[in-house]
Amino acid sequence: DAGITQSPRHKVTETGTPVTLRCHQTENHRYMYWYRQDPGHGLRLIHYSYGVKDTDKGEVSDGYSVSRSKTEDFLLTLESATSSQTSVYFCAISESKAGANVLTFGAGSRLTVL
Amino acid sequence: AQSVSQHNHHVILSEAASLELGCNYSYGGTVNLFWYVQYPGQHLQLLLKYFSGDPLVKGIKGFEAEFIKSKFSFNLRKPSVQWSDTAEYFCAVNARNNAGKSTFGDGTTLTVKP
């Protein structure tokens, strides 16, 4: 178990409000990721991090920012939430298993933007 | 850029039927291939992976997948499904030396009728 905790697990907010989702890991993994899961779209990468203060954009990064000030915490921020950002957000870490980088996911954060 | 295509969006089978879920990927370099499973109400977990070597890989719960390089395919199979296999299945690919960033297919929902 990679010890990944996401918070909050559920959140309902209104359009235009800021939202921050937190991912916390306990095993010092270097790589962390934020994905969103939507019906019919699978999982899409929002942002990822390859170390403290080292982050980069994924395929659907518009409207999102991230920060990683400590190895164990990776924050995803929606500066001004929109209804299109209603989704389930998964944090993941990557660890090498038999040569392949395998993702281990947190339990997810369900965000509803009204 | 890498991409993944899953052929079936929703598959319905009776218990003991055989299963094959199609997955094709697009990428010009060397890749790692994965199948992840998401049981109802749970987060994604690794079912099996291919890194190198024997193109027929075996995973948990009797699942296997075959990597056919010439066809850019990584189809998932199980000879006899159970009701407990009802879940959503995601094929994923990541390129070697690419920070573990994984691209997912849109997912296939498998419903197994008792």
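This text gives an overview of the structure that appears in the document. The shown structure was predicted, so the numbers you read here are calculated from the model rather than taken from an experiment. (Residues numbered from 1 in each chain as written. Chains lettered and ligands numbered in written order. Predicted model: local features only at pLDDT ≥ 70, side-chain atom pairs only at ≥ 80, totals over all residues. Heavy atoms only, no water.)

A word on the nonpolar core
In summary, soluble globular proteins display a tendency toward joint burial of nonpolar side chains.
At step 1: Leu19(B), Leu33(B), Trp35(B), Leu48(B), Phe74(B), Leu76(B) and Tyr89(B) are the most contacted members of the largest nonpolar core, which has 28 residues in total.
At step 2: Apart from the residues within four sequence positions on either side, Leu76(B) is in contact with Leu19(B), Glu20(B), Leu21(B), Trp35(B), Leu47(B), Leu48(B), Phe63(B), Glu64(B), Ala65(B) and Tyr89(B).
At step 3: One finds Tyr33(A), Phe90(A), Leu44(B) and Phe104(B) within the second-largest nonpolar core, a separate group that totals 19 residues. (Core = buried A, V, L, I, M, F, W, Y, C linked by side-chain atoms within 4.5 Å. Buried < 20%, exposed > 50% of the residue type's maximum accessible area, 1.4 Å probe, protein only. Contact = heavy atoms within 4.5 Å.)

Notes on the pattern of salt bridges
Residue and element names in this part refer to chain B.
At step 1: Under the definition given, this model contains eight salt bridges over all chains.
At step 2: Measuring nitrogen to oxygen at the nearest pair gives 2.9 Å for the salt bridge that ties Glu-64 to Lys-58.
At step 3: On the basis of relative accessibility, which here comes to 17%, the residue Glu-64 falls in the buried class.
At step 4: As a salt-bridge pair, Arg-77 and Glu-64 come within 3.5 Å of each other at their nearest N and O atoms. Here Glu-64 lies in strand β8 (residues 64-68) and Arg-77 lies in strand β9 (residues 73-78), a separation of 13 residues in the sequence. (Salt bridge = Lys/Arg side-chain N within 4 Å of Asp/Glu carboxyl O. Helix = DSSP H or I, 4+ residues; strand = E, 2+ residues; numbered from the N terminus.)

What to know about the packing of aromatic side chains
Residue and element names in this part refer to chain A.
At step 1: Tallying each qualifying case throughout the model produces 15 aromatic pairs over all chains.
At step 2: Plain terms: the ring middles of Tyr-33 and Tyr-35 are 6.4 Å apart, the flat faces sit at 40 degrees to each other, and that makes the pair tilted.
At step 3: Taking relative accessible area as the criterion, Tyr-33 reaches 0% and is therefore assigned buried. (Phe/Tyr/Trp six-rings, centres within 6.5 Å; stacked < 30°, edge-to-face > 60°.)

Comments concerning the sheet that holds strand β8 (residues 73-78) of chain A
Residues and elements named next belong to chain A.
At step 1: Strand order in the open sheet formed by four strands is β1-β3-β8-β7, with antiparallel pairing between adjacent strands. The open sheet has two edge strands, β1 (4-7) and β7 (64-70), and neither has a second partner. The sheet shows a mean angle of 20 degrees between the axes of neighbouring strands, direction not considered.
At step 2: In the sheet, β1 pairs with strand β3 (residues 19-25) via four bridges, with the strands oriented antiparallel. Considered in β3, the bridge of Ser-7 is made with Arg-22. (Pairing = 2+ DSSP bridges. Axes fitted to C-alpha atoms, helices over the stretch in contact; angles between N-to-C directions.)

Regarding the interface of chain A and chain B
At step 1: Each side of the interface is counted separately: chain A has 22 residues, and chain B has 19 residues.
At step 2: Summed over both partners, the interface of chain A with chain B buries about 1,700 Å², with 60% contributed by carbon and sulfur atoms.
At step 3: Among the residues of chain A in contact with chain B, Leu43(A), Asn101(A) and Phe105(A) are the three that bury the most area, contributing 26% of the side total.
At step 4: Run the count over chain A and chain B and you get zero salt bridges.
At step 5: At the junction of chain A and chain B, the tally comes to four residue pairs in polar contact (both at pLDDT 80 or more).
At step 6: Elements supplying a minimum of two residues to the side of chain A that touches chain B: β4 (32-38), β5 (42-51), β9 (87-97) and β10 (100-105) of chain A. (Buried area = accessible area lost by both parts, 1.4 Å probe. Polar contact = N/O pair within 3.5 Å; in protein donor to acceptor, adjacent residues only side chain to side chain.)

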